[in-house]
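# Chains, contacts and geometry: an overview
Letter by letter, the chains look like this.
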Amino acid sequence: MKLYSVVLSLLLLAAGQASGQTTLSLGDAVPLLNSDFYTGVDQNGSGPSPSGRLTFFGQPSKDGTQVAFWAAAGNFSSIAIFGVTIGEPDSWFRISPDIAASPSTPIAWSPDDSHVFTTDRRFDVATGTEEIPFGYTLQHPVNGAEFYPIDDTSTTSTASGNWLATLANPLVPAGGGYEQVLLVPVHPDGSLDTGRDPVFVTNFSDGLEFDWPHISVDGSLVAGAYFQGGGVSGVNADVSDIYLVKNVQQIVAAPKIAGTMISSLAPTSAADSNVVAIRTNEDAVDNFAHVPVFSQAKDLVFYCEDWNNIWTDDDFFGTLNLSDFDIMASNTDGTGADIRFPNAGNQFVTGLTLGGLRVLYLNGPGANIQLYMSTIETATSVEDVSDPLPENTTEVDLGEGPVPLPFVLTDSAVQLTTEAEVADASGTTIVLPPNQVINFPEGSGASSITIETPISPVTEAQLPPNPFVNAIPIVREFTPSGTQFFPPISITIAYTDAEVDGIDEANLAPYLFNDMTGIFDIPVAPEDIIDRDVVNNTITFRVSHFSVYGLGGTLESAVPASSNTGLIALTALLLLTGAAVATRRAMQR
């Protein structure tokens, strides 16, 4: 299945940044699962399903190699959590036994990807073992006989430790009243960390609630959907808006209100300076928007929105097939326009991989809802900050007098008049200084530079013939392919700890994919590696032309036992991440 590739203007430029217009485009839809899954074939302990199978809300792992998702028998006689390796549609397997639960609840991975959560259930990915329900261990600080019911969840790993973002009621643990966002300290495997205190980071008293809270990778932002309900199938649709809370780390560190777990800085209303309205009935549109997820660089929040305004919780599955959910993107500072990807089909439940920018969603047609993943290309035009160069030009002035060009100019060559910067939401950045010569391919008429994260993994056969490089977990494609630069430019690729888990990070190095051999066998020269920042997880290097670049490294002798390496061939480490969640508590009311 191929979606239309759409390009949408996105006002994402920081104030004062000298750069061209940045656009996003949604790439082709790649099926996450093969046809055997949907027809009900027995595989990897899944058990046969004569009535076939349906997929629901998936969530990518932190390292971007797998997706955990709900699988239901076609007749709903059984419901369980399954997993699949991204880029390998025949690799699906069962994670949990059948569960008496709704497949419309969010799934979250533990920070080390060894376990998955749904509500208060926690499952070991490798064994499928169900742990003691998580919520039963979190007691109310005043009345120790009562427990917080754990609701929608997401997890993150920060410098101050690992946290699980969930929902609970700080005043009435048994339920009822307003549920607030509770950050629960956890160990890497998601088990409760009793050495640190849970803390409520919201304390809304104006009715605002954060359905499906999602915490950014650095723990500084929490987004949620304010589900206002009210929908009746065939009469009127549900309503939901997107908000976020910023400065979460400061809220966590502040003293608590006496006798409670509530931070004294927790916002109490939508008017609080730490609350940002992202999608709130703008332009008189009162649609259902839900499932916010942050990009790795946390400058964007993605979500989905029903544009024909049909979806209602009281007829969840019936109206889902009739709805027109599209993927949306907004700046997390609340500025600029909200961007819609108006693709054919029904892109329900947006989720992003960490690291590179890839999106996971459900799509039709009709009742045949299946899981797909697409790339999101980030393109920046340099047309408004450059001048064309005549083809007969043999020397250029880079600011200190004429110097000869090292290549023959094409009919699409330009020279920048001011500095420009190209960046995607993963933190991958290209710096283009003033007077930079960009020699776009002959006849291309190109004026934009694009960054993309491929979906398919680097296979073992594509690894370089270097015995010290047995994994390439991070890949970026820069286009137009073959574009030349004078002088060479610097590229910074950002990555996550999860992506390089088990790799000797200090020796991580960039490799160029060789189109002639089909291998990443062209190393970037050591003198062209400008900076290697293992603290902030970036590597910066010089290039003179565009192609596909991967970061390769050596597998450490002892990979942490908690990681799900038993499920993945480490010599074929997959690419970056993806995530997707959906509308849950909204769906249970």
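Now for a quick tour of the structure. For clarity, every value in this text was computed on a predicted model and none was experimentally measured. (Residues numbered from 1 in each chain as written. Predicted model: local features only at pLDDT ≥ 70, side-chain atom pairs only at ≥ 80, totals over all residues. Heavy atoms only, no water.)

## Quick notes on the pattern of salt bridges
Evaluation of the coordinates by the stated rule reveals 10 salt bridges. A salt bridge links arginine 279 to aspartate 338, with the nearest nitrogen and oxygen atoms 3.1 Å apart. Highlighted residues: arginine 279 in strand E18 (residues 275–279) and aspartate 338 in the loop between strand E21 (325–331) and strand E22 (339–341), separated in sequence by 59 residues. Here the residues in one salt-bridge network are Arg279, Glu305 and Asp338, joined through shared partners. (Salt bridge = Lys/Arg side-chain N within 4 Å of Asp/Glu carboxyl O. Helix = DSSP H or I, 4+ residues; strand = E, 2+ residues; numbered from the N terminus.)

## Quick look at the pairing of strand E20 (residues 300–306)
Each regular strand carries side chains that alternate between the two faces of the sheet. The element E20 is largely enclosed, with a buried count of seven among its seven residues. Here E20 shows a buried face lined by Leu300, Phe302, Cys304 and Asp306 and a second buried face lined by Val301, Tyr303 and Glu305. Bridge count between strand E19 (residues 288–294) and E20: five bridges; the pairing is antiparallel. Its bridge partner being in E20, phenylalanine 294 is matched across the sheet by valine 301. Pairing of E20 with E21, which is carried by seven bridges, proceeds in the antiparallel orientation. Bridge assignment links valine 301 to a residue of E21, and that residue is serine 330. (Buried < 20%, exposed > 50% of the residue type's maximum accessible area, 1.4 Å probe, protein only. Pairing = 2+ DSSP bridges.)

## Focus: the sheet that holds strand E8 (residues 108–109)
A sheet is described by the order of its strands in space; here three strands give the open sequence E8-E9-E10, paired in antiparallel fashion. Taken across any chain shown, the strands that pair with only one partner, and hence form the sheet edges, are E8 and strand E10 (121–124). Note: E8 against strand E9 (residues 115–118), two bridges, orientation antiparallel. Following the sheet pairing, tryptophan 109 is matched in E9 by valine 116.

## A word on the side chain of serine 46
Among the structural elements, serine 46 can be located in the loop between helix H1 (35–39) and strand E4 (53–60). Judged by relative accessible area, which is 4%, serine 46 ranks as buried. In terms of polar contacts, serine 46 uses its side chain to reach the side chain of arginine 53, at 3.2 Å. (Polar contact = N/O pair within 3.5 Å; in protein donor to acceptor, adjacent residues only side chain to side chain.)

## A few points about the environment of threonine 517
Relative to the helices and strands, threonine 517 resides in the loop between strand E36 (509–514) and strand E37 (519–523). Residue classification places threonine 517 among the partly exposed positions, given a relative accessible area of 42%. Within the structure, threonine 517 has its side chain in polar contact with the side chain of aspartate 521 (distance 2.8 Å).

## Considerations on the sheet that holds strand E5 (residues 66–73)
On the basis of which strands lie adjacent, the open sheet formed by four strands has the order E4-E5-E6-E7 and antiparallel pairing. Of all the strands in the sheet, the pair left with one neighbour each is E4 and strand E7 (93–94).

## Quick word on the pairing of E10
Alignment of E9 against E10, held across four bridges, turns out to be antiparallel. Note that in E10 the partner of valine 116 across the bridge is phenylalanine 123. The loop that links E9 with its antiparallel partner E10 comprises two residues; one of these, threonine 119, has a positive phi angle of about 45°.

## Observations concerning the packing of aromatic side chains
Throughout the structure, instances matching the rule amount to 22 aromatic pairs. Where phenylalanine 37 meets tryptophan 92, the ring centres are 5.4 Å apart and the plane angle is 80°; that geometry is what we call edge-to-face. Note that phenylalanine 37 is positioned in helix H1 and tryptophan 92 in the loop between strand E6 (79–85) and E7, a separation of 55 residues in sequence. With relative accessibility at 0%, the residue phenylalanine 37 sits in the buried group. Classification of tryptophan 92 as buried rests on a relative accessible area of 0%. Plain terms: the ring middles of phenylalanine 541 and tyrosine 549 are 5.6 Å apart, the flat faces sit at 50° to each other, and that makes the pair tilted. Exposure remark for phenylalanine 541: the relative accessible area of 0% places this residue in the buried category. Among the aromatic residues, ring-to-ring pairing joins Phe56, Phe57, Phe76, Trp212, Phe227, Phe288, Trp311, Phe316, Phe325 and Phe348 into one connected group. One Lys or Arg, arginine 196, reaches over the ring of tryptophan 163 and ends 4.8 Å from the middle of that ring. The side chain of arginine 340 reaches across the aromatic face of tryptophan 307, ending 4.1 Å from its centre. (Phe/Tyr/Trp six-rings, centres within 6.5 Å; stacked < 30°, edge-to-face > 60°. Lys NZ or Arg CZ within 6 Å of the ring centre and 35° of its normal.)

## Digging into the environment of phenylalanine 520
Structurally, phenylalanine 520 is set in strand E37. Residue classification places phenylalanine 520 among the buried residues on the basis of a relative accessible area of 3%. Residues phenylalanine 520 and leucine 551, 31 residues apart in the sequence, show an inter-C-alpha distance of 9.6 Å. With sequence-adjacent residues up to four places away left out, phenylalanine 520 is seen in contact with Val458, Gln462, Pro464, Ile472, Val475, Tyr511, Leu512, Phe513, Val548, Tyr549 and Gly550. (Contact = heavy atoms within 4.5 Å.)

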